[in-house]
Amino acid sequence: MSLTNKVTAEDILRISGVDASRCMQCGKCSGACPNYDEMDYHPHQFAAMVRKGKITELMESKALYQCLSCFACSQRCPRGVEPAKLIEAVRLSVIRQKGKNYMTADALPEKLDEKIPQQALVSAMRKYSK
Amino acid sequence: MQKIGVFVCWCGSNIAATVDVKAVAEALKDEAGVVFSTDYQYMCSENGQAMIRQAIKDYGLTGIVVCSCSPRMHEATFRKTAVSAGLNPYMVEIANIREQCSWIHKDMAEGTEKAIVLARAAVAKLHRNAPLTAGTSPVTKRALVIGGGIAGIQTALDVADAGFEVDIVEKSPTIGGRMAQLDKTFPTLDCSACILTPKMVEAAQHEKINIISYAELESLSGFVGNFTATIRKKARYIDEDKCSGCGVCTEKCPSRKGLDDFNMRLNKRGAVYIPFAQAIPNVAVIDADQCIHFRTGKCGLCQKNCSAGAIDFEQKDQLIERQYGAIVVATGFKPIDASQFNEYAYNDSPDVVTSLEFERIMNAAGPTKGQLVRPSDLEHPHEIVFIQCVGSRCSEDAEKGKPYCSKICCMYTAKHAMLVREKYPDVNVHVFYIDARTPGKNFDEFYRRAVEQYGVDYIKGMVGKVSVEGKKLHVQGSDLLNGEQVHINADMVVLATAIEPDPTARSLGTMLTASMDTNDFFTEAHPKLRPVESPTAGVFLSGVAQGPKDIPETVAQAGAAAAKVIGLLAKNELTCNACVAHANEAVCNGCSQCERVCPYGAITYEDREIRTPEFRGVRRIATVNEAVCQGCGACTVTCPSGAMDLKGFTNRQIMSEVDAICR
C-alpha cells in the first residue's frame, strides 16, 4: 500500500506539538511500554526517527496500530517529549489520507463480543478512522 | 574647563573592521574641551598606555576618554594608567565601541556614526566628572565557615593553617557531613571514614578552629571585612564541656522510636544519641521529640546514669554574636526525595533503596553491620538492579526531577556494583544507564574494570517500571543496544537519586544576599574566572553548595576558597567603592523611601542642623554609610525630591550623556 501525500517531520511536529529534539534517547518510554514486543518500532524510535525525518517508514509501520495509547511512555518521559503524541500524529497522518481508514463501520459486527466493552469499540473507531 | 584627551582603540580588527577609527578620532577633535585625539591598534598594550601617559603630560589633560571595549574589561587598566600619570582614576571615561557597537553592527558607516555618538556622550559626561576618593574600612581577621562537611573542614583547615581564626557552624550535632556516611570512595575504593576522620580530628584540635555544632546562622549584617553574625546554638540538653562521650546514656535510654538520620533512617536509635562513633564533638544529644522526659516529665534515666552530670534538661538555645571578615558557604547537598518516583516502587517496597541508603547498608557501622541483606526480610539478595539518573537530566519544565546531571552517580554506581561483586560473587548485578559519564583521573578505567573484571551487566537504557511481585521486584526496562525490552526479577533495586542543595541553602542565600540559580545552587562571581567567589563581596563558595562535584573536586575547590579568604583576611583594610550615594541635605526631606529600597542597609537618618537661604533649623536627613553602599543607584531613582545622587554617576552626568547622544 502506498501513501499518496508526502508527510514531513514538520507536519508531525505541527500535529503533535511535540519537539522530538528534546529526546535524549534514555529509553525510559520503551522500558515502560506494556506492548513493546508487539511493535516493530518502539516509542524511543519514534522520537529518533521523526528527528531524522524518517516519516515514511513510521507511516508504514505496524506499531501505529499496536500502540495501546496508554500514555505510559509520555507519563514517564523525563524530558516531556510525549512519544504517545508522536505515534498518534503519525497514525493520523496515515488515516487522514484518502482510503486509509484502518477500521470501518462494516468491520464492527464481527468484532462484537460479550467480553469487549462497547466503549472500546467506540474508541477504536475514533482512533482508526476519519 | 576640562582639557580632555580622546583615545580610540582598534582592538586589532575587533573594532577597526566595522568602525572607521581614524574618522572617530578626527570627529572628536571638534568637541568642546577636547585638546587631543588619536587612535591606536591596541590601547591596552604597554605602548598604548605609554601613549596615554605621554599625552596627559604633554597636553596637561584633566581627563581622558578611551573608546574601546566594555569597561568591565579594561576600565581598571586605564584608571591605573591615568593614576600613574597623576590623574584621579575617576577622571577616566570609557566609551564602549566594541561590545555595544562594532560587534553588533555590520555596516561601517553606521558603526562609525554610532561610535562617534558614544564617544561624544563620554566627553559630555567627563565635563561634569569630579575627582573622587575611595574610603577604606578595616578587616576583621576571622572567617565563618557555614557547613562542617569535607568542604567546610578543608576550607577551615587551610584558612586556619595560614594563621587566621575560623569558626565552623554545623547544623547537625557533628561535623563530617555526607562524606562521613559513605562506605568507600571512588576510584581507589579506600574507606571514606579512614580518610575523613583524621581531618575531622585535625579540625577539632586546631588552635585556630572553633567548631560550633548543632547551630545555625540566625542573621547577618555588615559587609565584606566587617560582617556581624548571630548564630543560634540549639539546645542539645547535654553540657558539652562535661560530657565525655562515654555513651552510657545512649545505652540506658528506654526510648527506641527515633529514626537514625545518620543511617538514612533505616534503623532506630534512642532519644539520646551520639550520631556515630567518630563524631566530633564526641558529645551526646537529646532528641526532645522522642525523649520520654520531655514528653511525660518522667524517666530521666540518662541523668541518673551520667557519671559526669552532663545531662541538662533545662538547657536553652544560645545566641552567639561574632564579627567576621569573610564567610564561606559550604552547605553541601542532600539526595532528592525518591518517593516522587514511584514508577520505581520506592514507596511500595523497602527493598527499593536510594544509593545513600545502600551506602549505609554496605558500611560496617551501618544498620546491617555491613552485611548485604534485603531490608524487608534480611535475606541475602541474588539479583540487584541499579538504576541511574533517577531525577537527574529531566527537562526544565518537568513535574519532577532536576535538569542537571548530578555528576557523581555514574562513578558511585560503578563503585557499588564493584563492591557487591567483590564481596558477594554469587550476586548478579545489573546497571541501567543512559550514558556512563566518567571524566576524571582514573575514572573511566574504574568503570571499565566494573564491566570487564567484575562482570557487572551494564544495560544502556532506562527502567520504565518496577513492580512488587511477591518477594521479588519485577524490573522492566529498555536495552537499547540490543533492541529489546528486558525483564529482571530482582531482589533489590538501588536508585541513583539526583542530588540537590541542602534545604537550608535558600534562606541562607537570602540572608547573605548571595545570588543563587533556579536550582538553589549558589552562583559564582564568574563561571570560569571567579569560580569560588560569590558576586557578593566577602562571601566564598566551597563544595556542592555551588554545584554537583565529587570529593577530589570539593577538596580542590575548598582549598581555592580558602586561598581567596586568606587573600582577604591578610589585608588590614579594604578600599571601598568611591561611586557611592550621597544625599543633598538642602533638598532631602527625610521621607525614608531610600532607606526602604536600599538592599544593603546602607542608609540611616540623622537630625542635622540645616542653614540654607530658604530654611534654618533641624531636619531629618538621609545619611549613607559609604563603606556599605555598593553604588547600585536604587535610592537615586526612588528619591522623590531628587536629593539622592550617585557619585560618579550623578543625574547631571547622565543627562549630559543623553543630551550629547540626542544632539
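Just so you know, these numbers come straight off a predicted model, no measurement behind them.

Quick look at the overall build of chain B
Helix and strand content of chain B: 17 helices and 34 strands. Here the C-alpha coordinates of chain B stretch approximately 90 × 65 × 40 Å along the principal axes. Taken over 663 residues, chain B has a buried fraction of 54%. For chain B, the share of sequence-separated contacts (at least 6 apart) that also reach a separation of at least 24 residues comes to 68%.

Side note on the side chain of Asn35 of chain A
Residue placement: Asn35 of chain A occurs in the loop between helix 2 (28–32) and helix 3 (43–52). Beyond its immediate chain neighbours, meaning those up to four positions away, Asn35 of chain A contacts Gln66 and Leu68 of chain A.

Some points on the nonpolar core
Residue and element names in this part refer to chain B. Val6, Ile64 and Val65 are the most contacted members of the largest nonpolar core, which totals 40 residues. The set of elements that each furnish at least two residues to this core consists of strand 1 (4–9), helix 1 (21–28), strand 2 (34–40), helix 2 (46–59), strand 3 (63–68), helix 3 (71–84), strand 4 (92–96) and helix 4 (108–127). Those residues within four positions of Ile64 in sequence are excluded, and the remaining contacts are Gly5, Phe7, Ile52, Ile56, Leu87, Met91, Val92, Glu93 and Leu126. The next biggest cluster of nonpolar side chains, apart from the first, holds 37 residues, and it includes Phe386, Val420, Ala450 and Met492.

What to know about the environment of Ala365 of chain B
For Ala365 of chain B, the location among the structural elements is in the loop between helix 10 (355–362) and strand 21 (383–390). Residues in contact with Ala365 of chain B, not counting those within four places in the same chain, are Asn263 and Arg360 of chain B.

Details of the interface of chain A and chain B
Tallying the contact residues gives 16 residues for chain A and 20 residues for chain B. Across the chain A/chain B interface, buried area totals approximately 1,500 Å², and carbon plus sulfur atoms make up 47% of it. Our count for the chain A to chain B interface comes out at 2 salt bridges. Among the ionic pairs, Asp397 of chain B bridges to Arg22 of chain A, the shortest N-O distance being 2.7 Å. Linking chain A with chain B are 19 residue pairs in polar contact (both at pLDDT 80 or more), by the criterion used here.

Details of the state of the cysteines
Residue and element names in this part refer to chain B. Enumeration according to the criterion identifies 1 disulfide over all chains in this entry. The residue that forms a disulfide with Cys191 is Cys194, at a sulfur-sulfur distance of 2.4 Å. Here the disulfide of Cys191 and Cys194 is right-handed, its torsion about the S-S bond being about 85 degrees. Not part of a disulfide, Cys576 finds its nearest cysteine sulfur in Cys629, a span of 10.0 Å.

With respect to the domain arrangement of chain A
Residue and element names in this part refer to chain A. Once the domains are mapped, chain A shows domain 1 (9–99) and domain 2 (104–130). Measuring from the centre of the C-alpha atoms in domain 1 to the corresponding centre in domain 2 gives 23 Å. Each partner contributes residues to the interface: domain 1 has 11 residues there, and domain 2 has 4 residues. Summing both partners gives a buried area of about 500 Å² for domain 1 against domain 2, and 51% of it is carried by carbon and sulfur. It is Tyr65, Arg91 and Ile95 that lose the most area in domain 1 upon contact with domain 2, and together they represent 66% of the buried surface on that side. At the junction of domain 1 and domain 2, the tally comes to 0 salt bridges.

Regarding the domain arrangement of chain B
One can read the domain layout of chain B as domain 1 (4–127), domain 2 (142–234 + 317–332 + 502–569), domain 3 (248–305), domain 4 (334–500) and domain 5 (581–647). A separation of 44 Å is found between the C-alpha centroids of domain 1 of chain B and domain 2 of chain B.

Quick word on helix 1 (residues 9–16) of chain A
Residue and element names in this part refer to chain A. The complete set of buried residues in helix 1 reads Ala9, Ile12 and Ser16. When helix 1 is viewed along its axis, its buried side chains cluster within an angular range of 60 degrees and face the same direction. Counted as exposed and oriented over 90 degrees from the buried face of helix 1: Glu10 and Arg14. Of the residues trailing helix 1, Gly17 is marked for its positive phi of about 70 degrees.

Topic: the packing of aromatic side chains
With the rule as written, the count across this model stands at 13 aromatic pairs over all chains. Judged by centre distance (3.7 Å) and plane angle (5 degrees), the rings of Tyr65 of chain A and Tyr102 of chain A are stacked. Pair noted here: Tyr65 of chain A is in helix 5 (residues 63–66) and Tyr102 of chain A is in the loop between helix 7 (83–95) and helix 8 (108–111), with a separation of 37 residues, a long-range link. Look at Tyr237 of chain B and Phe294 of chain B: their rings are 4.5 Å apart centre to centre, the planes differ by 50 degrees, and that puts the pair in the tilted class. With a gap of 57 residues between them, Tyr237 of chain B in the loop between strand 12 (226–233) and helix 7 (248–252) and Phe294 of chain B in helix 8 (residues 292–296) connect regions that are remote in the sequence. Of the residues examined, Phe294 of chain B reaches a relative accessible area of 32% and is grouped as partly exposed.

Describing the pairing of strand 7 (residues 165–169) of chain B
Residues and elements named next belong to chain B. A large share of strand 7 lies buried, amounting to 4 of its 5 residues. Note that strand 6 (residues 142–146) and strand 7 share 5 bridges and pair parallel. The partner of Leu144 across the bridge, within strand 7, is Asp167. As a crossover connection, the stretch from strand 6 through helix 5 (residues 150–161) into strand 7 is right-handed. Pairing analysis gives 4 bridges linking strand 7 to strand 10 (residues 209–212), with the strands arranged parallel.

Observations concerning unusual backbone geometry
Residue and element names in this part refer to chain B. In the segment running from Phe186 into Pro187, the intervening peptide bond is cis, with an omega of -5 degrees. For Pro187, the location among the structural elements is in the loop between strand 8 (184–185) and strand 9 (190–191). Here the residue pair Ile280 and Pro281 is connected by a cis peptide bond, since its omega of 0 degrees sits within 30 degrees of zero. Residue position: Pro281 is located in the loop between strand 15 (272–273) and strand 16 (285–286). One non-glycine residue, Tyr237, lies in positive phi territory at about 60 degrees. In this structure, Lys369 takes a positive phi of about 55 degrees despite not being glycine. By secondary structure assignment, the location of Lys369 is in the loop between helix 10 and strand 21. Classification of Lys369 by relative accessible area gives exposed; the value is 63%.

Focus: the confidence of the model for chain A
Mean pLDDT over chain A: 92, with 96% of residues reaching 70 or higher. When mean pLDDT is taken per element in chain A, helix 2 of chain A scores highest with 97 and helix 8 of chain A scores lowest with 84.

Section: the side chain of Thr185 of chain B
Residue and element names in this part refer to chain B. Among the secondary structure elements, Thr185 is positioned in strand 8. Separated by 2.6 Å, the side chains of Thr185 and Asp190 make a polar contact. Setting aside residues up to four positions removed in sequence, Thr185 forms contacts with Asp190, Ser192, Ile195, Lys415 and Ile551.

Here we look at the environment of Phe71 of chain A
Positionally, Phe71 of chain A belongs in the loop between helix 5 and helix 6 (72–76). Distance in space between the C-alpha atoms of Phe71 of chain A and Ala32 of chain A is 9.6 Å, their sequence separation being 39 residues.

What counts and how
What you see as residue numbers is a count from 1 along each chain, following the sequence as written. The order in which chains are written sets their letters, starting at A; the order in which ligands are written sets their numbers, starting at 1. Two thresholds apply to this predicted model, a pLDDT of at least 70 for residue-level local features and 80 or more for giving and counting side-chain atom pairs, whereas whole-chain, interface and lining totals are computed over all residues. Only hydrogens and water are set aside; all other atoms, that is, all heavy atoms of the structure, feed into the side-chain values. The numbering of helices and of strands both runs from the N terminus, where a helix is a DSSP run of H or I of at least 4 residues and a strand a run of E of at least 2. Note on exposure labels: buried denotes an accessible area under 20% of the residue type's maximum, exposed denotes more than 50%, and partly exposed covers the range between, all computed with a 1.4 Å probe on protein chains only. It only takes one pair of heavy atoms within 4.5 Å for two residues to be counted as in contact. Buried Ala, Val, Leu, Ile, Met, Phe, Trp, Tyr and Cys residues that are joined via side-chain atoms within 4.5 Å together make up what is termed a nonpolar core. When two parts are put together, the accessible area they lose, computed with a 1.4 Å probe and summed over both, is reported as buried area. A carboxyl oxygen of Asp or Glu within 4 Å of a side-chain nitrogen of Lys or Arg is what we treat as a salt bridge. Polar contacts, as counted here, are pairs of nitrogen or oxygen atoms within 3.5 Å of one another; within protein the pair requires one atom able to donate a hydrogen and one able to accept it, and residues that are adjacent in sequence qualify only if both atoms are side-chain atoms. A pair of sulfur atoms, both from cysteines and within 2.5 Å, is called a disulfide here. What marks off one domain from the next here is an automatic or database domain assignment. It is the directions from the helix axis to the C-beta atoms whose arc is reported. In this analysis, rings of Phe, Tyr and Trp, with Trp reduced to its six-membered ring, are considered paired at centre separations within 6.5 Å, and the interplanar angle assigns stacked below 30 degrees, edge-to-face beyond 60, and tilted for intermediate values. Only strands joined by at least two bridges in the DSSP assignment are considered to pair. By the criterion used throughout, a crossover qualifies as right-handed when its path from the first strand across the helix to the second strand runs clockwise, the strands pointing away from the viewer. Confidence of the prediction at every residue is given by pLDDT, a number between 0 and 100.

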